[in-house]
Amino acid sequence: PFSLSDKVVQNGYSAILSWRFSDRTSGSVSVGQSTADHTDVNRKDTNSNIRVGITRQLQPRLRGSVQYRWLHRDSNQSGLDVTENAIIGTLSLTF
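Thresholds, definitions, all that
- Residues numbered from 1 in each chain as written.
- Predicted model: local features only at pLDDT ≥ 70, side-chain atom pairs only at ≥ 80, totals over all residues.
- Heavy atoms only, no water.
- Salt bridge = Lys/Arg side-chain N within 4 Å of Asp/Glu carboxyl O.
- Buried < 20%, exposed > 50% of the residue type's maximum accessible area, 1.4 Å probe, protein only.
- Helix = DSSP H or I, 4+ residues; strand = E, 2+ residues; numbered from the N terminus.
- Patch = residues over 30% accessible without salt bridge, like charges linked within 9 Å, V, L, I, M, F, W, Y side chains within 5 Å.
- Areas by Shrake-Rupley, 256 points an atom, 1.4 Å probe, with all protein chains shown as cover.
- Pairing = 2+ DSSP bridges.

Right, let's get into the pattern of salt bridges. One pass over the structure, following the stated rule, counts 2 salt bridges. Here D45 makes a salt bridge to R43, at a shortest N to O gap of 2.7 Å. Residue classification places R43 among the buried positions, given a relative accessible area of 11%. Across the salt bridge formed by R69 and E84, the nearest N and O atoms sit 2.9 Å from each other. You can see R69 sitting in strand 4 (residues 62-75) and its partner E84 sitting in strand 5 (residues 82-93), a full 15 residues away along the chain. Residue classification places R69 among the partly exposed positions, given a relative accessible area of 21%.

What follows covers a nonpolar patch on the surface. Taken together, the side chains of Y13, L17, W19, F21, V31, I50, V52, I54, V66, Y68 and I87 present a nonpolar region at the surface, about 1,000 Å² in accessible area. Elements that contribute at least two residues to the nonpolar patch include exactly strand 1 (8-20), strand 3 (43-59) and strand 4.

Across 14 bridges, the pairing between strand 2 (residues 25-38) and strand 3 is antiparallel. When the bridges of strand 3 are listed, S26 appears paired with T55. A loop of 4 residues connects strand 2 with strand 3, the two strands running antiparallel in sequence, and N42 in this loop sits at a positive phi of about 55 degrees. Pairing of strand 3 with strand 4, which is carried by 14 bridges, proceeds in the antiparallel orientation. Of the residues in strand 4, the one forming a bridge with N49 is L71. The antiparallel hairpin formed by strand 3 and strand 4 contains 2 residues in its connecting segment.

Once that is clear, we can look at the pairing of strand 1. With 1 of its 13 residues buried, strand 1 lies for the most part at the surface. Two successive antiparallel strands, strand 1 and strand 2, enclose a turn made up of 4 residues.

With that out of the way, let us pick up the environment of N42. In this structure, N42 sits in the loop between strand 2 and strand 3. Assessed through its relative accessible area of 62%, N42 is described here as exposed. Residues N42 and L58 lie 16 residues apart in sequence; the distance between their C-alpha atoms is 51 Å.

Laid out in structure tokens, this is it:
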């Protein structure tokens, strides 16, 4: 944010809920929102996000996870709004 403006006021919140379904499966949900007010260039952005994921131990050293991510930026300046929907899959092998 500082490449755009020298004066930025930010505030926000986030929350996460994690739970274990079984010995090998867990999940989580997180939400958050932050506001960045660039006071010297008259720009205010509100960034929101939601994530939902599940992780499973597939083998003793192999873990797989899938996550859905939604991100949104709402700006008071024209053309700067952004929305992202993503599905992320990960396989992790420990050595």
